[in-house]
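What follows is the residue order along each chain.
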Amino acid sequence: MPTPTRRDGVVAAPSLTETQSQILSHLREQVDGTAYFKAKYIAEELGLSPKEVGINMGLLQERTRELEIEQWGRSDSTTWKVTL
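Values in this document were obtained by computation on a predicted structure and should not be read as measured data. Residue indices begin from 1 for each chain and proceed along its sequence in written order. For a predicted model such as this one, the threshold for reporting local features is a pLDDT of at least 70, and the threshold for listing and counting side-chain atom pairs is 80 or more; totals across whole chains, interfaces and linings nevertheless cover every residue. To get the side-chain values, all heavy atoms of the structure are used, and hydrogens and water are removed first.

Novice: Looking at this model, I keep getting lost on the pairing of strand E1 (residues 34-38). Mind explaining?
Specialist: Across a regular strand the side chains alternate sides, sitting on one face of the sheet and then on the other. Residue exposure (1.4 Å probe, protein chains only): buried if accessible area is under 20% of the type maximum, exposed if over 50%, otherwise partly exposed. Helical segments are the DSSP runs of H or I of at least four residues, strand segments are the runs of E of at least two, and each set is numbered from the N terminus. Of the two faces of E1, only the one carrying Ala-35 and Phe-37 is buried; Thr-34, Tyr-36 and Lys-38 on the other face are not. Sheet analysis places E1 next to strand E3 (residues 79-83), joined by five bridges and oriented antiparallel. Each residue of the ladder has a partner; that of Thr-34, found in E3, is Thr-83. The pairing criterion is simple: DSSP has to find at least two bridges between the two strands.

What follows is the structure, given as structure tokens:
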């Protein structure tokens, strides 16, 4: 699927879902430099499932430029490294 382009030639960023916006807002509030988050704890704080958080964190890696999101580790819950 091609990346949407505006008439002026600027590549448009894909829009975020409500869940992705909620997660991104939560991360912005928590990060000052670099922080590590377990998907299960984000899920608990936001009333989501860990699977829902994991799927959307993976999508946010590609869709947001304001935070650098990297899958850092897997144990009983995926850890995400988030850098401002």
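Novice: Quick question: what am I supposed to make of the nonpolar core here?
Specialist: In summary, soluble globular proteins display a tendency toward joint burial of nonpolar side chains. Throughout this description, the term nonpolar core refers to a set of buried Ala, Val, Leu, Ile, Met, Phe, Trp, Tyr and Cys residues connected via side-chain atoms within 4.5 Å. In this structure, Ile-23, Leu-27, Val-53, Met-57, Ile-69 and Val-82 are the most contacted members of the largest nonpolar core, which totals 18 residues. At the level of secondary structure, the elements contributing two or more residues to this core comprise helix H1 (18-30), E1, helix H2 (39-46), helix H3 (50-63) and E3. Among the elements that line this core, the one with the most residues is H2, at four residues. What Met-57 contacts, discounting residues up to four positions off in sequence, is Ile-23, Leu-27, Ile-42, Ile-69, Trp-80 and Val-82. Contacts are residue-level and defined by heavy atoms, with any inter-residue pair within 4.5 Å sufficient.

Novice: Would you mind going over H1 with me for this structure?
Specialist: Helical periodicity: at 3.6 residues per turn, an α-helix aligns residues three or four positions apart in one direction. Here the expected length of a helix is defined as 1.5 Å per residue gap, with one fewer gap than residues. Helix length check: H1 (13 residues) gives 19 Å between terminal C-alpha atoms against 18 Å at 1.5 Å per residue, within 8%. Along H1, the residues classified as buried are Thr-19, Gln-20, Ile-23, Leu-24, His-26 and Leu-27. The arc that holds every buried residue of H1, seen down its axis, measures 160 degrees, which confines them to one face. Exposed residues on H1 whose side chains face more than 90 degrees from its buried face are Glu-18 and Glu-29. As used here, the arc is the angular range of directions from the helix axis to the C-beta atoms.

Novice: I tried to follow the environment of Val-31 on my own but got confused; where do I start?
Specialist: Counting through the fold element by element, Val-31 comes out in the loop between H1 and E1. Val-31 sits in the buried class, given a relative accessible area of 7%. Along the chain, Val-31 and Thr-83 lie 52 residues apart, while their C-alpha atoms are 7.1 Å from each other. Apart from the residues lying within four places of it in its own chain, the contact partners of Val-31 are Phe-37, Val-82, Thr-83 and Leu-84.

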